[in-house]
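# Architecture and fold: a report
Letter by letter, the chains look like this.
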Amino acid sequence: MPDVTEAAVAGRGVYSISDTEFRLFQQLMFNEAGVTLAPSKKALVNGRLSKRLTARDCPSFRAYYDLLSQDSAEWQWAIDLLTTNETYFFREPRHFDYLREKVLPAHAGGRAFRVWSAACSSGEEAYSTAMVLADAFGAGGWSVLGSDLNTQVLAKARSGHYGMARTEGIPRASLERYCLKGKGSQAGTFLVGRPLRERVEFRQINLNTTLPRLEPFDVIFLRNVMIYFSQATKAQIVRRVIGLLKPGGHFIIGHSESLNGIADGLETVRPSIYRKPA
């Protein structure tokens with residue numbers, strides 16, 4: 001029986017998560033997503049899940065946690081709410097410059113060039129990549145896979161529909177060539193054009209478990225997500241992911257991240273860019 005100070009305030013939908021309850025959700029996120037929730041994230045968990053406690057008429061976070069083991073749909077709701085997603089078009093542009101100037105010109109052709117945007121969030125990285133590939137190869141000869149654990153951001157990604165504020169960072173030529181400006185009720189938004197959307201596939205993939213069978217990739221982006229993993233989990237995920245990288249392919253991480261001690265089988269090209277020996 002939870003303390004009254006740590007349980008819901010009856011009838012008002014106000015909740016306070018106890019340290020014991022927070023540890024349950026820490027373990028849940030680590031077991032299911034490999035994500036380590038620092039103690040400083042306690043308020044975030046409290047804030048993001050409180051509405052679900054109200055919606056499901058749960059008197060405490062412990063009651064909600066118990067519900068998750070019985071309701072797979074609610075379990076996905078919780079995972080979605082606790083997965084941090086922050087991204088934008090052409091984030092860390094030097095990576096796209098390297099792709100455009102170094103990687104793509106060296107592609108021999110004769111086969112499709114494949115890129116995986118792992119942990120793609122709401123799709124901006126995948127579509128940025130698609131714009132670069134379309135510039136280089138035209139309408140065919142390439143494909144992009146975007147994946148994430150969070151089903152809500154994947155739905156956003158599939159729609160290709162964003163607020164105009166998200167256009168910052170998109171080169172003007174790419175914006176005019178690949179995007180449509182919203183009018184009327186859609187004013188203030190833009191849509192990634194259908195020809196580009198149709199070349200980008202989005203799938204739910206949990207990097208913390210055995211990966212699905214996929215054709216190998218020429219480039220894999222795994223950027224700005226490993227900061228949420230422990231060193232051991234990071235090593236396991238990198239090992240799984242680079243198993244799907246073609247010999248000679250490139251593995252790209254965020255500028256603030258490092259593969260120190262876990263980059264076995266990869267050569268450093270420059271900071272945050274690695275290559276699998278041919």
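Before reading further, recall that the structure is shown in the block above.
Residues numbered from 1 in each chain as written. Predicted model: local features only at pLDDT ≥ 70, side-chain atom pairs only at ≥ 80, totals over all residues. Heavy atoms only, no water.

## Some thoughts on the pattern of salt bridges
Under the defined criterion, the tally for this structure stands at 15 salt bridges. Between E74 and R52 there is a salt bridge whose closest N-O contact spans 2.8 Å. Residue E74 is found in helix 4 (residues 72–82), and its partner R52 is found in helix 2 (residues 42–55); the two are separated by 22 residues along the sequence. For E74, a relative accessible area of 2% corresponds to the buried category. Overall, the relative accessible area of 15% leaves R52 in the buried class. E92 is paired through a salt bridge with R223; the nearest N and O atoms lie 3.7 Å apart. You can see E92 sitting in the loop between helix 4 and helix 5 (93–103) and its partner R223 sitting in the loop between strand 7 (217–221) and helix 10 (231–242), a full 131 residues away along the chain. Accessibility classification places E92 together with R223 in one group, the buried group. (Salt bridge = Lys/Arg side-chain N within 4 Å of Asp/Glu carboxyl O. Helix = DSSP H or I, 4+ residues; strand = E, 2+ residues; numbered from the N terminus. Buried < 20%, exposed > 50% of the residue type's maximum accessible area, 1.4 Å probe, protein only.)

## Examining the sheet that holds strand 4 (residues 179–181)
Pairing within the open sheet is antiparallel, and its 3 strands lie in the order 3-5-4. Sheet topology places strand 3 (161–163) and strand 4 at the edges, where each strand pairs with a single neighbour. The average angle at which neighbouring strand axes cross in this sheet is 30 degrees, direction not considered. Note that strand 4 and strand 5 (residues 189–192) share 3 bridges and pair antiparallel. Looking at strand 5, one finds that K181 is bridged to F190. (Pairing = 2+ DSSP bridges. Axes fitted to C-alpha atoms, helices over the stretch in contact; angles between N-to-C directions.)

## Here's the deal with the nonpolar core
Core analysis: the largest hydrophobic core is formed by 48 residues, its most contacted members being F25, L49, Y64, W116, L207, F251 and L259. Setting aside residues no more than four positions away along its own chain, L259 makes contact with M226, V238, F251, I253, L266 and Y274. Grouped together as the second largest cluster of nonpolar side chains are 34 residues, F96, Y98, L99 and M131 included. (Core = buried A, V, L, I, M, F, W, Y, C linked by side-chain atoms within 4.5 Å. Contact = heavy atoms within 4.5 Å.)

Read these as spatial facts, not as claims about activity.
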